[in-house]
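# Coordinate analysis (summary)
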Amino acid sequence: MAEEVKLLGFGGSPFSCRVEIALKLKGIPYEMIPQDLANKSPLLVEHNPVHKKVPVLLHNGKPICESVVILEYIEETWKGIPLLPEDPYERAMARFWAKFIDEKCMGAVWKACFSKGEEQEKGMEEVLELLKTLESQLEGKKFFGGDDIGFVDIVADFAALWLGVLLEVAGVDLLNDEKLPLLCKWIDELNRCSVVKETLPPRQMLLTFFKAQQSATGPRYK
C-alpha cells in the first residue's frame, strides 16, 4: 500500500519551507496543498484546530502540526539522509539550537524590523548579539551539523532568506561579512544546495510582501 503524504503549507512561510526541505532531502514524494492564510480553509482548521496555522503534514490521513515537531516525525518515520546526529548529546544540542532560533532569534528579528527609532536601534543590538551567539556554532564547520545539511540548518532557513529581506525592509545593514562573517558564509553554502534553492520562495516576492506589511503587526507563518 502506497503511503500518502500531503503538506498543508504556504510558499512564503519559512516554517512550511522547512518541512519541504526535509521531505526532499529524505526523497519522500508529497502533495503540496497551498493555503490562503487570510482565508483559512476548512481543511486547515480541521487538521490543526488548536493553532489553525501552517504547516500541517498529513501522513496517511493523520495530521502532524508545528514545523519542528514535523521535522522530528519525518526523521523518525523515514530513512534516507539523517536530519539529526546519531550521538544523543549532539541530538540534544541540535534540538537546543533549533529552540533558540524559534524562541529567541525569530521573535527578536520580527520585533526589531518592525519597530522605529530608538526601539529599533535597541532591538537590532539584541538581534546582533543573538545572531553572534548562533554564529558561534559554525566555528570550523560548513553547516551547523558539520559537512552536510541537518536539523539546525533546516530550522535556520529563516536566516537564509527572510532575515535579509526583513533587514532590507527595515533599512538596516546588519547581515554582512564584517559583523557576521560565518553566518554569511553559511547562508551562501545553504543557498547553493539544490534542494534549498528550489524550495525557497523568490526574494522579490517576499520583499514586496514585507514592504506592504511594514506598518502592520504582520503574519505568523506557523
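This text gives an overview of the structure that appears in the document. Here the structure is a predicted model, which means the values were calculated and not measured.

### Points about the pairing of strand S4 (residues 62-65)
In this structure, strand S3 (residues 56-59) lies alongside S4, joined through 4 bridges in antiparallel fashion. By the bridge assignment, Leu 58 is partnered in S4 with Pro 63. Counting the residues between successive antiparallel strands, the hairpin from S3 to S4 contains 2 residues, one of them, Asn 60, with a positive phi of roughly 50 degrees.

### Quick look at helix H9 (residues 181-192)
Its 12 residues place the ends of H9 17 Å apart at the C-alpha level, agreeing with the 16 Å of an ideal helix rising 1.5 Å per residue. Taken together, the buried positions of H9 are Leu 183, Cys 184, Trp 186, Ile 187, Glu 189 and Leu 190. Against the buried residues of H9 lie helix H5 (117-135), helix H6 (151-155), helix H7 (157-160) and helix H10 (194-199).

### Section: the sheet that holds strand S2 (residues 31-34)
With mixed pairing, the 4 strands of this open sheet are ordered in space as S2-S1-S3-S4. Looking along the sheet, the strands with just one partner apiece sit at the ends: S2 and S4. Strand-to-strand twist of the sheet, defined as the mean angle between neighbouring strand axes without regard to direction, takes the value 25 degrees. Against the sheet, helix H1 (residues 14-26) makes contact with strand S1 (5-9), S2 and S3, and its axis sits at roughly 155 degrees relative to S1, the strand it touches most.

### Remarks on the nonpolar core
Nonpolar side chains tend to gather and get buried jointly when the protein is soluble and globular. Core analysis: the largest hydrophobic core is formed by 70 residues, its most contacted members being Ile 74, Trp 186 and Phe 210. The greatest single-element share of this core, amounting to 12 residues, is contributed by helix H4 (residues 88-113).

### A short note on the environment of Asp 36
Residue placement: Asp 36 occurs in the loop between S2 and helix H2 (42-47). Given the relative accessible area of 45%, Asp 36 is considered partly exposed. Between the C-alpha atom of Asp 36 and that of Phe 10, which follows or precedes it by 26 residues, the distance is 7.3 Å. A distance of 3.0 Å separates a polar atom in the side chain of Asp 36 from the backbone nitrogen of Ala 38.

### Things to note about helix H8 (residues 162-170)
Here H8 lies mainly inside the structure; 8 of its 9 residues are buried. Three or more residues of H8 are buried, namely Trp 162, Leu 163, Gly 164, Val 165, Leu 166, Leu 167, Val 169 and Ala 170. Looking at the buried positions of H8, the neighbouring elements they touch are H1, H4, H5, H7 and helix H11 (203-212).

The rules behind the values
Residues numbered from 1 in each chain as written. Predicted model: local features only at pLDDT ≥ 70, side-chain atom pairs only at ≥ 80, totals over all residues. Heavy atoms only, no water. Pairing = 2+ DSSP bridges. Helix = DSSP H or I, 4+ residues; strand = E, 2+ residues; numbered from the N terminus. Expected span 1.5 Å × (residues − 1). Buried < 20%, exposed > 50% of the residue type's maximum accessible area, 1.4 Å probe, protein only. Contact = heavy atoms within 4.5 Å. Axes fitted to C-alpha atoms, helices over the stretch in contact; angles between N-to-C directions. Core = buried A, V, L, I, M, F, W, Y, C linked by side-chain atoms within 4.5 Å. Polar contact = N/O pair within 3.5 Å; in protein donor to acceptor, adjacent residues only side chain to side chain.

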